[in-house]
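Here is what each chain is made of, one letter per residue.
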Amino acid sequence: MNIKHLLDKAFSEALSKLVGSDTPGIVKQAQREEFGHYQANGVMAAAKKLKTNPRELAEKLIEDIGLKGTCFTEIAGPGFVNIHLTSDFVAQQLNSVIKDSSLGVPSTEVSKIVVDYSGPNLAKEMHIGHLRSTAIGDSLVRVLEFVGHDVIRANHVGDWGAQFGSLLAYMDQLRQAGQSLSTELTDLEKFYQAASALFKSDESFAKTARSYVVRLQNGDNECLSLWNQFIEESIRHSQEVYEKFNITLGVNDIRAESAYNNVLPIVVQELEEQQLLVESEGAKCVFLDEFKGKGDKPLPAIIQKSDGGYPYMATDLAATRYRTQELGADKVLYVVGGEQLLHLRQVFAVAKAAGYIHEDQEFLHLPFGGVLKEDGLRFKTRDGADVKLIDVLDEAILRAFNVVSEKNPALSESDRGEVARVVGIGAVKYAELSKNRSTDYIFDWDTMLAFEGNTAPYLQYTYTRIRSMFRRAGTDSLQGSIVLGENAELRLGVKLLQFPETIESTLDDYQANVLCNYLYELCGFFNTFYEQCPVLIAEEPSKTSRLLLCELTAKTLRQGLELLGIETVEQM
Ligand code: ARG
């Protein structure tokens, strides 16, 4: 049950009946604890209009809409009515949520949603630049699936284009020199750098490389087999990263750029038939009024280059066509960096003009900022190369191992290893997801691995505190129900009931930090409760009731973290 919805609907309907006008969305969560639980904004204005006392009006409303016993109101400040949930109502709701595997989150009308995320370029190893798209996208699909949507993961990897020319030419050169390719390909990044260096310094190599691009595009068997070998190795590598990073993408979620090869000429033909294509400097382009470059010059979307090759734009157009026509998507979300804003705006606009995207289909770009170092500069290795994602993850686990060993030296080495994996990976992900995705963020090991503050280790640790209490209690199955007496119990109870609202607002603007903040606050409420209300030494029925509150807190924490792609452990 979504409490905010319940109150909002009841208040809005009753108020519009009284005042005659539509008063949508008047109830919202109170931002500050001292205000209580919710606030209604339209009541003051309505009372003025009706020339009645706002408090009396609010109480009358509660009575009229049958919410008596559910909540009571209080007038606060100049402009709103505070709504407090009664402890009986909260307890009754909690007792039903605790039996519900979806923790009170109501099922939604199901949409088919494609989420385009991660999408590394297979010519190189995944680097820190892929951290955000991968973590944000994966959390998004988890939340969308949790509320019941039909989600399709789309890993639009780059596996085609000019850069593969030098890679294939270099592979061929090594092969002819009798070197073992599988050994050479163990470090893709080095391999890529060596091939690019040759391309820059050796004119005849560059020439060969260019000819390999043409051979590849023409389907030359030898080239294709080298290409396949490279791609296979690269995919094996990215899957290894996904596994370590606890990402739900599998090989079947890959739909690479090359998968659209055969459709590209059809796209050109369809755009031609619709008279959208214009030839400009030998290239086939679409000019739309809304895109202007420097000096107001029309900005082209290039669909086919003068040499016949197809750029990134063409593949992306073909992908929109595939996603609407073949997959039947209602919505497509692109978790792609902010630097591709113009590119995706053009893709969507051309696709709409071409009829690939219809009015009732929503294509949205969810941009994000960059990952910076403490000094505010982009993340690079000392020699200016990108930092490999796998190295970041390994370092996170290593650092977490040191932290965990210091905190809990009594844990066996293998247990510490497992805890370090869960904490290290969780810390990296949480640092990422707890920030507003649209801005840059600073990657700082010490902050993200801290056991205090808004961090994964803090949330994971709070979870283990509850679990260890249950071990001490010696029971996991509780008979009885929640009754709320103390203020700290009520506050925790209300917070627990706000999980469904949180999931809803997380999806409003696809911001995982809404969920992170909720979990952080939930831990705060729990810890206050735990300080103020003894659990194991309490008398019945308080003892069972409190244990049940603890259990629901643990379940909510675990579920919330799982939606962020973060695991929990039983002790740390
Ligand atoms: N491969 C692209 C890159 O590395 C990201 C792909 C994003 N998705 C898309 N449909 N364009 O920048």
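Residues numbered from 1 in each chain as written. Predicted model: local features only at pLDDT ≥ 70, side-chain atom pairs only at ≥ 80, totals over all residues. Heavy atoms only, no water.

K.L.:
Where do I start with the overall build of the chain in this structure?
P.N.:
Regarding its fold elements, the chain presents 21 helices and 13 strands. Considered along the principal axes of its C-alpha atoms, the chain spans approximately 85 × 65 × 40 Å. The buried share of the chain, reckoned over its 572 residues, is 54%. Partitioning the contacts of the chain with sequence separation of at least 6, the portion at a separation of at least 24 is 73%. Here the chain has roughly 26,100 Å² of accessible surface; of this, 48% comes from carbon and sulfur atoms. Between the averaged position of the 58 positive side-chain charges in the chain and that of its 80 negative side-chain charges there is a distance of 3 Å. (Helix = DSSP H or I, 4+ residues; strand = E, 2+ residues; numbered from the N terminus. Buried < 20%, exposed > 50% of the residue type's maximum accessible area, 1.4 Å probe, protein only. Contact = heavy atoms within 4.5 Å. Areas by Shrake-Rupley, 256 points an atom, 1.4 Å probe, with all protein chains shown as cover. Lys, Arg positive; Asp, Glu negative; His and termini not counted. Charge placed at Lys NZ, Arg CZ, Asp CG, Glu CD.)

K.L.:
Sorry, what's going on with the site of the ligand here?
P.N.:
Around the ligand lies a shell formed by Asp116, Gly119, His156, Tyr312, Asp316, Tyr334, Val336 and Gln340. The side chain of Asp116 places a nitrogen or oxygen atom 2.7 Å from a nitrogen atom of the ligand. Contacts to the ligand include Gln340, whose side-chain N or O atom sits 2.9 Å from an oxygen atom. Computed on the free molecule, the ligand has an accessible area of 350 Å², of which 83% lies beneath the protein chains in the complex. With respect to the detected pockets, the ligand is housed in the largest pocket. (Near = heavy atom within 4 Å. Polar contact = N/O pair within 3.5 Å; in protein donor to acceptor, adjacent residues only side chain to side chain. 1 Å grid on protein atoms, 1.4 Å probe; cavity = no way out; pocket = protein on both sides within 12 Å on 5 of 7 lines; lining within 4 Å. Sits in = over half its atoms within 2 Å of the grid points.)

K.L.:
Looking at this model, I keep getting lost on the sheet that holds strand 7 (residues 277-280). Mind explaining?
P.N.:
Strand pairs in the sheet, formed through backbone hydrogen bonds, run parallel or antiparallel to each other. The antiparallel open sheet is built from three strands, whose spatial order is 7-8-9. In this open sheet, the two edge strands, each paired with only one partner strand, are strand 7 and strand 9 (298-304). Shown here is a sheet whose adjacent strand axes are inclined to one another by a mean of 50°, direction ignored. Here strand 8 (residues 283-292) runs beside strand 9; their pairing, made up of five bridges, is antiparallel. Bridge assignment links Cys285 to a residue of strand 9, and that residue is Ile302. (Pairing = 2+ DSSP bridges. Axes fitted to C-alpha atoms, helices over the stretch in contact; angles between N-to-C directions.)

K.L.:
Can you walk me through the packing of aromatic side chains in this structure?
P.N.:
Two measures describe an aromatic ring pair: the distance that separates the ring centres and the angle between the ring planes. Going through the model one piece at a time under the given rule, you end up with 15 aromatic pairs. Look at Phe164 and Phe230: their rings are 6.1 Å apart centre to centre, the planes differ by 85°, and that puts the pair in the edge-to-face class. Taken together, the residues span a long stretch of sequence, with Phe164 in helix 6 (residues 163-176) and Phe230 in helix 10 (residues 221-244) at a distance of 66 residues. For Phe164, a relative accessible area of 0% corresponds to the buried category. Residue classification places Phe230 among the buried residues on the basis of a relative accessible area of 0%. Seen from their ring centres, Tyr334 and Phe363 are 6.1 Å apart, and the 35° between their planes marks the pair as tilted. With Tyr334 in strand 10 (residues 331-334) and Phe363 in strand 11 (residues 362-365), this pair connects stretches of sequence that are 29 residues apart. (Phe/Tyr/Trp six-rings, centres within 6.5 Å; stacked < 30°, edge-to-face > 60°.)

K.L.:
Help me understand the pattern of salt bridges in this model?
P.N.:
Should the charged atoms of two oppositely charged side chains come close, the side chains can pair. A full pass over the atoms with the stated rule returns 29 salt bridges. Residues joined by salt bridges that share partners form a network here, namely Asp172, Arg175, Arg215, Asp220 and Glu222. (Salt bridge = Lys/Arg side-chain N within 4 Å of Asp/Glu carboxyl O.)

K.L.:
Help me understand the environment of Ile3, please; the structure alone is not making it clear to me.
P.N.:
Counting through the fold element by element, Ile3 comes out in helix 1 (residues 3-19). In this structure Ile3 touches Tyr38, Leu85, Phe89, Gln93, Leu497 and Glu501, once residues within four positions along its chain are discounted.

K.L.:
When you look at helix 4 (residues 87-97) in this model, what are you seeing that I'm missing?
P.N.:
Helical periodicity: at 3.6 residues per turn, an α-helix aligns residues three or four positions apart in one direction. The set of residues buried in helix 4 consists of Phe89, Val90, Ala91, Gln93, Leu94, Asn95 and Val97. On its buried side, helix 4 packs onto helix 1, strand 4 (80-85), helix 18 (487-497) and helix 21 (542-563).

K.L.:
Looking at this structure, I do not really get the nonpolar core. What am I missing?
P.N.:
Inside soluble globular proteins, nonpolar side chains tend to come together where they are buried. Counting residues in hydrophobic clusters, the biggest one holds 128 residues, and the most contacted among them are Phe11, Val115, Phe443 and Leu564. If we skip the residues at most four places from it in the chain, Phe11 touches Ile26, Val27, Ala40, Val43, Leu61, Ile62, Ile65, Leu67 and Ile83. Ala154, Leu288, Leu327 and Val347 belong to the second-largest nonpolar core, a separate cluster that totals 35 residues. (Core = buried A, V, L, I, M, F, W, Y, C linked by side-chain atoms within 4.5 Å.)

Just distances and angles here, no functional claims.
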